[in-house]
Amino acid sequence: MRVFITGATGYIGGSVAVGLCRAGHDVAGLTRQPAAADRLARLGIDPVVGSLDDAQLLARQATKADAVINAADSDHRGAVVAFTEALAGSGKPLLHTSGSSVVGDDARGEASHHVFTEADVRPGGSWRPTEDKAARVEIDRLVLAGSADNIRSVVLCNSLIYGHGRGLARDSVQLPRLVAVATATGTARHIGRGHNIWSTVHIDDVVDLYLRALTSALAGSFYFVENGEDSFADMAQAIAETLGLPPAQPWDLDSAIEAWGYEPAVYALGSNSRVRGGAARTELAWAPRHASAIEWIRRELRVTGDSAEATPAS
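Residues numbered from 1 in each chain as written. Predicted model: local features only at pLDDT ≥ 70, side-chain atom pairs only at ≥ 80, totals over all residues. Heavy atoms only, no water.

1. Some details on the sheet that holds strand β4 (residues 67-70)
Pairing is parallel across the open sheet formed by seven strands, whose spatial order is β3-β2-β1-β4-β5-β7-β11. Every interior strand has two partners, whereas the edge strands, β3 (46-49) and β11 (221-225), have only one. For this sheet the average axis-to-axis angle between neighbouring strands, irrespective of direction, equals 20°. Looking at chain direction, strand β1 (residues 2-5) and strand β2 (residues 26-31) are connected through four bridges and run parallel. Across the sheet, residue Ile5 finds its bridge partner in β2, namely Gly29. Along the sheet, helix α4 (residues 77-87) contacts β1, β4 and β5 (93-99); its crossing angle with β5, the most-contacted strand, is approximately 160°. (Pairing = 2+ DSSP bridges. Helix = DSSP H or I, 4+ residues; strand = E, 2+ residues; numbered from the N terminus. Axes fitted to C-alpha atoms, helices over the stretch in contact; angles between N-to-C directions. Contact = heavy atoms within 4.5 Å.)

2. A look at the packing of aromatic side chains
Within this structure, the stated rule accounts for five aromatic pairs. Taken together, a centroid distance of 6.2 Å and an interplanar angle of 65° make the contact between Phe4 and Phe83 edge-to-face. With a gap of 79 residues between them, Phe4 in strand β1 and Phe83 in helix α4 connect regions that are remote in the sequence. When sorted by exposure, Phe4 lands in the same class as Phe83, which is buried. Summarising the aromatic geometry, the rings of Tyr162 and Trp296 are spaced 6.0 Å apart at their centres and angled 50° between planes, so their arrangement reads as tilted. Separated by 134 residues along the polypeptide, Tyr162 in strand β8 (residues 160-162) and Trp296 in helix α12 (residues 293-300) bring together distant segments of the chain. Just as Tyr162 is buried, Trp296 falls in that class too. (Phe/Tyr/Trp six-rings, centres within 6.5 Å; stacked < 30°, edge-to-face > 60°. Buried < 20%, exposed > 50% of the residue type's maximum accessible area, 1.4 Å probe, protein only.)

3. What to know about the layout of surface pockets
Put simply, the largest pocket is a space of about 910 Å³. Lining the largest pocket are 38 residues, with Ile12, Ala72, Asp73, Ser74 and Val173 positioned closest to its centre. Element by element, the count of residues in the lining of the largest pocket is highest for helix α10 (residues 262-269), at four residues. The class makeup of the residues in the lining of the largest pocket is 12 nonpolar, 19 polar and seven charged. (1 Å grid on protein atoms, 1.4 Å probe; cavity = no way out; pocket = protein on both sides within 12 Å on 5 of 7 lines; lining within 4 Å. Points joined across faces, edges and corners; volume = space filled by probe spheres on them. Nonpolar A, V, L, I, M, F, W, Y, C, P; charged D, E, K, R; others polar.)

4. Thoughts on the sheet that holds β8
With mixed pairing, three strands are arranged side by side in an open sheet as β8-β10-β12. Because the sheet does not close on itself, it has two edges, and the strands there are β8 and β12 (229-231). Averaged over all adjacent pairs, the angle separating strand axes in this sheet is 45°, with direction ignored. Both strand β10 (residues 197-202) and β12 contribute to a ladder of three bridges, which runs antiparallel. Bridging across to β12, Ser199 finds its partner in Glu229.

5. A word on the nonpolar core
Counting 34 residues, the largest nonpolar core has Val16, Ile69, Leu95, Leu156 and Tyr210 as its most contacted members. Those elements giving two or more residues to this core turn out to be β1, α1 (11-22), β4, β7 (152-158), α7 (203-216), β11 and α11 (278-284). With seven residues, the top contributor of residues to this core is α7. Counting 32 residues, the second largest nonpolar core, distinct from the first, contains Val179, Ala188, Ile297 and Leu301. (Core = buried A, V, L, I, M, F, W, Y, C linked by side-chain atoms within 4.5 Å.)

6. Quick look at helix α8 (residues 232-242)
When we look at burial in α8, the residues that qualify are Phe232, Ala233, Met235, Ala236, Ala238, Ile239 and Ala240. Remark: Gly244 follows α8 within two positions and exhibits a positive phi of approximately 70°.

7. Examining the packing of helix α6 (residues 174-185) against α10
α10 packs onto α6 with a crossing angle of 115° between their chain directions and a minimal axis gap of 11 Å. Between α6 and α10, the angle falls in the class roughly perpendicular. Regarding α6 and α10, the two cross each other, and that crossing is left-handed. Touching Gln174, Arg177 and Leu178 of α6 are Pro264, Ala268 and Leu269, all from α10. Taken together, the residues that form the contact of α6 with α10 break down as four nonpolar, one polar and one charged. (Parallel < 35°, antiparallel > 145°, perpendicular 65-115°, else oblique. Left-handed = near helix turned anticlockwise from the far one by under 90°.)

Worth remembering: the numbers are spatial, not functional.
Below you can see the structure in the form of structure tokens.
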């Protein structure tokens, strides 16, 4: 296929773009950075310089492509509108990247026993997101509604992703924030007691699922992307031990917000997001190979100079 992907210089989008190239697809990748064009080209990705705010550019690229993957910004409604309008009636795939913070709570480091499945979050059900996440859920559902306009629309709702990016961007979002605080201050931190739990998934398993969804997912499919779960206390402690630091310590929410911002502190690092992704396993024969973020931290996190980084898996 000729695939147009947004976020080609990012962690998820870049990894998926490289995976697409390796699978033999012809890939065009959007980047806001003209300086990144040559680097994308060296990876086999045809660079398209522009932004998600350029609706005409997005529409042109979607029309030229056989499929579109939106992996740049889960909260950019304008891009989704541009893609769904351009692809209406085409039967082409539109894969949209969301995140499982949509089911996150304002837990401030406390545990929750609530586990969500795809059936729980389907439109028309009793579940409602928090006010902070309602707009993202509306965008997800706008994508899914494209199936009524003959778009093979799919939402992939990723949990906490770990592992090295396979494109230009090396790091994900959540664990690198914990590592950065630990290396900068000499103390690994978790919000509150750190009993909050997130489902997790390795980046290579994410890429595998995107490729499967591209070729085989039915219109209107929604997939939680997960394979395992860990508490933030356990992940922070594994970081502390791996970096040779004292035991991980609690952090009050206000301090975390000051360091990371409101959304990352409350929802990315302080909430519970426990999901189960049975649909991808059943419908797409997805069989993820990596099951433990803790083991990845212990096995691959290393200190280089004055910074912490994870060495590539063999």
